[in-house]
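# Examining the three-dimensional arrangement
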Amino acid sequence: MERKKKTIADFKKGSRLVMITAYDHPTARLVDEAGVDGILVGDSLAMVVLGLPNTLGATMEDMVRHTAAVARAKPKALLVADMPFMSYERGPSQALKNAARLIRAGAEAVKLEGGAEYAHIVQALTKAGIPVMGHIGLNPQRVLAIGGFRMLGRTEEQRRKLLEDAKALRDAGAFSLVIEFVPASVAKEVTEAVDIPTICIGAGPYCDGQILVLHDVVGLSERPPSFAKKYADAATVIRDAVRRYVEEVRSGQFPSREYYRD
Ligand code: KIV
């Protein structure tokens, strides 16, 4: 049976949503065929695709190009694109201009990192008809200010701030919230405090959904985070295939008769 196209209306509280990242056309096709609800063109592409040490190097040009590649796969899943570092911090007019570029590239929603201090940006985007997914907890774009990729929400002050952030983003119009790398009990409290779906990464089972980075899931990441489950070993599959190709060319086995014409 043909799957129905997912929209933000399908992102309902309590619906056990499944999201994963994809950054190019072939993997977007595969993850969509696997039945995810949402695909994120994450700025994690800076690390897992471009080999950078953190996500600060992802540019609008990177995000637009990769979003367009994923959109060409015409996924049934909701297509969300990340607003990269310094693409919205200067204010609503910068955010509107850059979010519009992602939407024109094929995104159906944008995600941005930050709490209550960015509620005015979320409000400006949603007013303009651009659905926004918030992202609280560990915000990798703030890695320099935090001093590393650390769990947040362990102190009372951080826990209270997370709750305030979630409510402020919800009030500003966000349709869902990613919660990254906080204690499961805190993610549960945030999930119960807002009436929009929460999507966890490294934050336990009590959220409305889960999201992981594709390269961590299939075993292509060099240093996957401890909270990511590896479901396959694509690195071994690729390395073995290319090794066999190298051997066969060197031994004269490839190209054999069926792979060329006279
Ligand atoms: O960029 C990304 O992949 C993300 C997920 C980790 C949520 O923001």
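Residues numbered from 1 in each chain as written. Predicted model: local features only at pLDDT ≥ 70, side-chain atom pairs only at ≥ 80, totals over all residues. Heavy atoms only, no water.

Naming follows an unreviewed UniProt entry, where the protein chain appears as 3-methyl-2-oxobutanoate hydroxymethyltransferase of Thermoproteus sp. AZ2.

### Comments concerning the overall build of the protein chain
Broken down by element type, the protein chain carries ten helices and eight strands. Against the globule reference of 18 Å for 262 residues, the protein chain gives a C-alpha radius of gyration of 20 Å, in line with a compact fold. Counting only C-alpha atoms, the protein chain reaches 70 × 40 × 35 Å along its principal axes. Considering the protein chain as a whole, with its 262 residues, one finds that 49% of them fall into the buried category. Long-range contacts, defined here as pairs at least 24 residues apart, represent 59% of the contacts in the protein chain between residues at least 6 apart. (Helix = DSSP H or I, 4+ residues; strand = E, 2+ residues; numbered from the N terminus. Rg over C-alpha atoms; globule rule 2.2 N^0.38 Å. Buried < 20%, exposed > 50% of the residue type's maximum accessible area, 1.4 Å probe, protein only. Contact = heavy atoms within 4.5 Å.)

### Some details on the packing of aromatic side chains
This structure, assessed with the given rule, holds five aromatic pairs. Ring geometry for tyrosine 88 versus tyrosine 118: centroids 5.4 Å apart, planes at 75 degrees, classification edge-to-face. Note that tyrosine 88 is positioned in the loop between β3 (78-82) and α4 (92-104) and tyrosine 118 in the loop between β4 (109-113) and α5 (119-127), a separation of 30 residues in sequence. Summarising the burial analysis for this pair, tyrosine 88 and tyrosine 118 share the class buried. For the pair phenylalanine 254 and tyrosine 259, a centre-to-centre distance of 5.5 Å together with 50 degrees between the ring planes defines the contact as tilted. Residue classification places tyrosine 259 among the exposed residues on the basis of a relative accessible area of 55%. Through a chain of ring-to-ring contacts, the aromatic side chains of Tyr245, Phe254 and Tyr259 assemble into a single cluster. Stacked on the ring of tyrosine 206, the Lys or Arg lysine 188 has its end atom at 5.8 Å from the ring centre. (Phe/Tyr/Trp six-rings, centres within 6.5 Å; stacked < 30°, edge-to-face > 60°. Lys NZ or Arg CZ within 6 Å of the ring centre and 35° of its normal.)

### A look at the state of the cysteines
Applying the stated criterion across every chain yields a total of one disulfide. Cysteine 200 shares a disulfide with cysteine 207; S-S distance 1.7 Å. Residue class for cysteine 200 comes out buried when judged on its relative accessible area of 0%. (Disulfide = S-S within 2.5 Å.)

### Observations concerning the side chain of aspartate 37
By secondary structure assignment, the location of aspartate 37 is in the loop between α1 (25-33) and β2 (38-41). Under the relative-accessibility criterion, aspartate 37 is labelled buried at 12%. Of the polar contacts made by the side chain of aspartate 37, one reaches the backbone nitrogen of valine 18; its length is 2.8 Å. Excluding anything up to four places from it in sequence, aspartate 37 contacts Lys6, Phe11, Arg16, Leu17, Val18, Ala77 and Leu78. (Polar contact = N/O pair within 3.5 Å; in protein donor to acceptor, adjacent residues only side chain to side chain.)

### A look at the site of the ligand
Within the structure, the ligand sits among Thr21, Leu40, Gly42, Asp43, Ser44, Asp82, Lys111, His135, Ile201 and Val213. Residue serine 44 places a side-chain N or O atom 2.5 Å away from an oxygen atom belonging to the ligand. Coverage of the ligand by the protein amounts to 95% of the 250 Å² it exposes when considered alone. Looking at the shell around the ligand residue by residue, the class counts come to three nonpolar, four polar and three charged. (Near = heavy atom within 4 Å. Areas by Shrake-Rupley, 256 points an atom, 1.4 Å probe, with all protein chains shown as cover. Nonpolar A, V, L, I, M, F, W, Y, C, P; charged D, E, K, R; others polar.)

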